[in-house]
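If you want the building blocks of each chain, they are given just below.
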Amino acid sequence: MGGRGGTQVLAREPLASAGMAPEPVPFIDGHNDVLLALHLAGDGAAPFLARRSEGHLDLERAREGGFAVGFFAVFVLPETEEERAATRIPDRKPPYAQPLAGPVPTKYALREAGAIIDLLDELAASGDVCVARSTADVESALAGGPLAAILHFEGAEPIEPGLENLAGFYERGLRSLGLVWSRPNAFADGVAFRFPSSSDIGAGLTDAGRHLVSECNGFGILLDLAHLNERGFWEVAALSEAPLVASHSNAHALSPNSRNLTDAQLDEIGHSGGIVGITYHAGMLTEVGGVDPDVPLARVIDHVDYVATRIGIDHVGFGSDFDGATVPTELGDASGLQRVAEALRNRGYAEGDVAKLAHGNWLRVLKQTWND
Ligand SMILES: [Zn+2]
């Protein structure tokens, strides 16, 4: 979820002519918001299983693009339309400094999360999607099995501050959790949307947040640092025993967005054996800021280059933010993912490295984190 901007999809030309293109490489993708889009549309899971006319992701387009595994976010919108409107930025022209969104009540968040997870179960009932509970499910999807959907909370609002219901969510499939979206909650402070800006805005973790980090380590639930502010980042880095993960964030050195990662943060993720999911979100790619859908796909590869050069190619993957952000028109939607692989090859990445970036590094981190 890149913020409450609109999404944009254009029809794309087919890939290179048959016989010329290399084997499609399957992707593990670090972040999407399609469950929220389905929840808001109110037609259940059916639009995903057919082909949606809007947004970036559905079963057909996933198969066309090689989107094999994805982190499917549960994101709880603000409760009232008035509060929702306040989180939307019409054009996000830099410089900007958006006030932090307000907190949402736990009871409401619980209800919303329940309804959104029901949608995921409805997807899985089709047999074409599975709720990934183990790395075996992920490996099966990479080998051509049902699309593996990893249940992720983008913000821990549905979790009671005493963590009484965490085990129940684990049972329902929760395997990845961001303590916060860009707002405060019982566990931590999210980072405000600003450009240009550092992420050193606001307070760190609460006692409940520290407790949640250690419980997630215990369950083997992946902790996602995207949307956390700088103090929170360093507290999790000090507390967590798992590899550090930022599921949809880019390099601050190339795009000084408050959501992007400084060199010191990148170094810390690398040292922990973790991964940065480079995001396609147009608002997090450029030096000058703003949300320009005409930003070339090569700019995404600039971020891959930067992070891989700094902390090693084993610590880079992708986190699309499909259905939660504006992605470059050159990519279009999930059906265009092989263009990312092609852009990597054009930049000189060997086939083995393309596979690491597309899925291998994510798979390694999942194996180390889930302990299954
Ligand atoms: Zn997000």
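Analysis parameters
- Residue positions are given per chain, counted from 1 along the sequence in the order it is written.
- Per-residue local features of the predicted model are confined to residues with pLDDT of at least 70, and side-chain atom pairs are confined, for both listing and counting, to 80 or more; whole-chain, interface and lining totals are unaffected and use all residues.
- Where side-chain values are given, they derive from all heavy atoms of the structure, hydrogens and water being excluded.
- In this description, a nonpolar core means a group of buried Ala, Val, Leu, Ile, Met, Phe, Trp, Tyr and Cys residues linked to one another through side-chain atoms lying within 4.5 Å.
- Residue burial is assigned from relative accessible area. The probe radius is 1.4 Å, only protein chains are included, and a residue is buried under 20% of its type maximum, exposed over 50%, and partly exposed in between.
- A run of DSSP states H or I qualifies as a helix once it reaches four residues; a run of E qualifies as a strand once it reaches two. Both are numbered from the N-terminal end.
- The convention used is that axes are lines fitted to C-alpha atoms, helices contributing only their stretch in contact, and that angles between N-to-C directions extend from 0 to 180 degrees.
- Here the angle decides the label: under 35 degrees means roughly parallel, over 145 means roughly antiparallel, 65 to 115 means roughly perpendicular, and every other value means oblique.
- Handedness of each helix crossing follows the sense of rotation of the near helix against the far helix: counterclockwise by less than a right angle gives left-handed, clockwise gives right-handed.
- Whether two residues touch is decided by their heavy atoms; if any such pair falls within 4.5 Å, the residues are in contact.
- Working definition: a ring pair exists when centres of Phe, Tyr or Trp rings (six-membered ring for Trp) sit within 6.5 Å. Plane angles under 30 degrees give stacked, over 60 give edge-to-face, the rest tilted.
- To sit over a ring, a charge needs its Lys NZ or Arg CZ within 6 Å of the ring centre and within 35 degrees of the ring normal.
- For salt bridges, the criterion is a side-chain nitrogen of Lys or Arg within 4 Å of an Asp or Glu carboxyl oxygen.
- Strands are treated as partners if at least two bridges between them are detected by DSSP.
- If you view a crossover with the strands going away from you and the path from the first strand over the helix to the second runs clockwise, you call it right-handed.

## Digging into the nonpolar core
Here's step 1: Phe48, Ile159, Leu212, Tyr280 and Phe318 are the most contacted members of the largest nonpolar core, which has 84 residues in total.
Here's step 2: Of all the elements, helix H11 (residues 297-311) adds the most residues to this core, at 7 residues.
Here's step 3: The next biggest cluster of nonpolar side chains, apart from the first, holds 19 residues, and it includes Ile28, Val69, Ile275 and Trp370.

## Let's talk about the packing of helix H10 (residues 263-271) against H11
Here's step 1: Across the interface, H10 lies against H11 with an axial gap of 9 Å and an inter-helix angle of 60°. What the angle tells us is that H10 and H11 run oblique. Crossing hand, H10 versus H11: right-handed. Contacts between H10 and H11 involve Asp263, Leu266, Asp267 and Gly270 on the former and, on the latter, Tyr306, Val307, Arg310 and Ile311.

## Here's the deal with the packing of aromatic side chains
Here's step 1: All chains considered together, the criterion is met by 13 aromatic pairs.
Here's step 2: A ring pair is formed by Phe67 and Phe72, whose centres lie 6.5 Å apart and whose planes are at 80°; its orientation type is edge-to-face. In terms of burial, Phe67 and Phe72 fall into one category: buried.
Here's step 3: For the ring pair Phe153 and Phe169, a centre distance of 4.9 Å and an interplane angle of 80° mean the geometry is edge-to-face. A residue pair is termed long-range when its members are at least 10 positions apart, and Phe153 in strand E5 (residues 147-154) and Phe169 in helix H7 (residues 166-172) qualify at 16 residues. For the pair shown, Phe153 and Phe169 are each scored as buried.
Here's step 4: Between Arg175 and the ring centre of Tyr170, over which it is positioned, the NZ or CZ distance is 3.7 Å.

## Here we look at the pattern of salt bridges
Here's step 1: In total, this model carries 22 salt bridges according to the counting rule given.
Here's step 2: Among the ionic pairs, Arg51 bridges to Glu64, the shortest N-O distance being 2.8 Å. Within this pair, whereas Arg51 is found in the loop between helix H2 (46-49) and helix H3 (59-65), its partner Glu64 is found in helix H3, the two being separated by 13 residues in sequence.
Here's step 3: Residue class for Arg51 comes out partly exposed when judged on its relative accessible area of 39%.
Here's step 4: Between Asp58 and Arg61 there is a salt bridge; the shortest N-O distance is 2.8 Å. The burial state of Asp58 is the same as that of Arg61; both residues are buried.

## Here's the deal with the side chain of Ser249
Here's step 1: If you trace the backbone, Ser249 turns up in the loop between strand E9 (245-246) and H10.
Here's step 2: A relative accessible area of 1% places Ser249 in the buried class.

## What to know about the pairing of E5
Every regular strand shows the same layout, with side chains that alternate between the two sheet faces.
Here's step 1: Of all the 8 residues making up E5, 8 are buried; the element is thus mostly covered by neighbouring parts of the structure.
Here's step 2: The alternating pattern of E5 places Leu147, Ala149, Leu151 and Phe153 on one face and Ala148, Ile150, His152 and Glu154 on the opposite face, and all of these are buried.
Here's step 3: The pairing of strand E2 (residues 67-74) with E5 spans 6 bridges and is parallel. Opposite Phe71, over in E5, you have Ile150 as the bridge partner.
Here's step 4: In this sheet, E5 lies alongside strand E4 (residues 129-131) in parallel orientation, the contact comprising 3 bridges. Among the inter-strand pairings, Val131 is bridged to a residue of E5, identified as Ala149.
Here's step 5: Crossover connection from E4 via helix H6 (residues 135-142) to parallel E5: handedness right-handed.
Here's step 6: Pairing of E5 with strand E6 (residues 174-178), which is carried by 4 bridges, proceeds in the parallel orientation. For Glu154, the partnering residue across the bridge sits in E6 and is Gly178.
Here's step 7: What joins E5 to E6 is H7, and the crossover it makes is right-handed.

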